Amino acid sequence: MAADPALHPHIHTLYSEHHGWLQGWLRRKLGNAFDAADLAQDTFLRILTAPDHTPEKQCDWQLREPRAYLTVVAKRLLANLYRRRSLEQAYLEALSALPEPLAPSPEQQAIILETLQEIDAMLDGLAPPVRQAFLMAQLEGLGYAEIATKLGVSERTVKRYMAEAMARCILLVA
C-alpha cells in the first residue's frame, strides 16, 4: 500500500491533526515516550492498512469524532501490548524456574517467545471460552469431556469450540 498522502488524504489529515494528541494520550497511559511513539505509529498504520479506511466505508462517528476513533484503535493495540508483555513475563518466570543446564539458549528463548506471540495473535480473535478450551486441550492435555466439565458446557460445545479454534489457526497459517 502506498503511503503517498495524495492517495490517502483523509489519513494524512487525520495524522497531521491528531498524531501529537494521540502520542500524548498514549504517553500518559504508558508512562513511556518510546512505547507511546511506537503505538501511535502502529495506530495509524493499522488504520492505513485496514480494508475499511476509505471515506466511503468509514462510519460517520469515525469522521466526526476522529479522536474517539483513534482511541478505539489505540486501546486495542494497547491491550495487545499488555497481553504480549504478560506472556513474555510468564515465559521468563517459567525459564527462571528451570535448572541452568536445562534452560534454552538465548537464541532458542527468542524463537520460543516469538512463537508464543504468534500463537497468541492467532488466538486473539477467538471468543474467550473458545480460546480457553483450545488452550486447555493443547497446553494441559485435557480431553473434551474434562474441558466441558471445567467450562460448564456440553461436550458438543467443546467440539465446536475446538473446530473454530483449529479453523482459525489453519486460516492464519495458510
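Everything below is about the structure printed above this text.
Residues numbered from 1 in each chain as written. Predicted model: local features only at pLDDT ≥ 70, side-chain atom pairs only at ≥ 80, totals over all residues. Heavy atoms only, no water.

S.K.: I'd like a rundown of the overall build of the chain, residues and numbers included.
M.R.: When helices and strands are tallied, the chain shows 8 helices and 0 strands. Its helices and strands taken in sequence order, the chain reads α-α-α-α-α-α-α-α from the N to the C terminus. Within the chain, the proportion of its 174 residues that are buried is 32%. The contacts in the chain between residues at least 6 apart in sequence include a share of 57% that link residues at least 24 apart. In the form shown here, the chain has an accessible surface area of approximately 11,200 Å², with 57% of it arising from carbon and sulfur atoms. (Helix = DSSP H or I, 4+ residues; strand = E, 2+ residues; numbered from the N terminus. Buried < 20%, exposed > 50% of the residue type's maximum accessible area, 1.4 Å probe, protein only. Contact = heavy atoms within 4.5 Å. Areas by Shrake-Rupley, 256 points an atom, 1.4 Å probe, with all protein chains shown as cover.)

S.K.: Any details on the packing of helix α6 (residues 128-139) against helix α7 (residues 144-151)? Residues and values, ideally.
M.R.: Two elements in contact, α6 and α7, have axes separated by 10 Å at closest approach and are oriented at 135 degrees. If you check the angle between α6 and α7, you find them oblique. Note on packing geometry: the crossing formed by α6 with α7 is right-handed. Residues Pro129, Gln132, Ala133, Met136 and Ala137 of α6 form the contact with α7, whose participating residues are Ile147, Lys150 and Leu151. Grouping the amino acids of the contact of α6 with α7 by side-chain chemistry returns 6 nonpolar, 1 polar and 1 charged. (Axes fitted to C-alpha atoms, helices over the stretch in contact; angles between N-to-C directions. Parallel < 35°, antiparallel > 145°, perpendicular 65-115°, else oblique. Left-handed = near helix turned anticlockwise from the far one by under 90°. Nonpolar A, V, L, I, M, F, W, Y, C, P; charged D, E, K, R; others polar.)

S.K.: Tell me about the side chain of Thr71, and please be specific about residues and values.
M.R.: Position of Thr71 among the secondary structure elements: in helix α4 (residues 66-96). Of the residues examined, Thr71 reaches a relative accessible area of 15% and is grouped as buried. Apart from residues lying up to four places away in sequence, Thr71 is in contact with Trp21 and Trp25.

S.K.: Before we move on, can you summarise the packing of aromatic side chains with the specific residues and values?
M.R.: Following the criterion strictly, the structure yields 2 aromatic pairs and no others. Summarising the aromatic geometry, the rings of Tyr15 and Phe44 are spaced 4.8 Å apart at their centres and angled 70 degrees between planes, so their arrangement reads as edge-to-face. Placement of the pair is Tyr15 in helix α1 (residues 9-30) and Phe44 in helix α2 (residues 33-49), with a sequence separation of 29 residues. By relative accessible area, Tyr15 is classed as partly exposed at 32%. Ring geometry for Trp21 and Trp25: centres 6.4 Å apart, planes at 20 degrees, overall stacked. With Trp21 and Trp25 both in helix α1 and 4 residues apart, this pair spans about one turn of that helix. The exposure class assigned to Trp21 is partly exposed, which follows from its relative accessible area of 24%. Overall, the relative accessible area of 14% leaves Trp25 in the buried class. (Phe/Tyr/Trp six-rings, centres within 6.5 Å; stacked < 30°, edge-to-face > 60°.)

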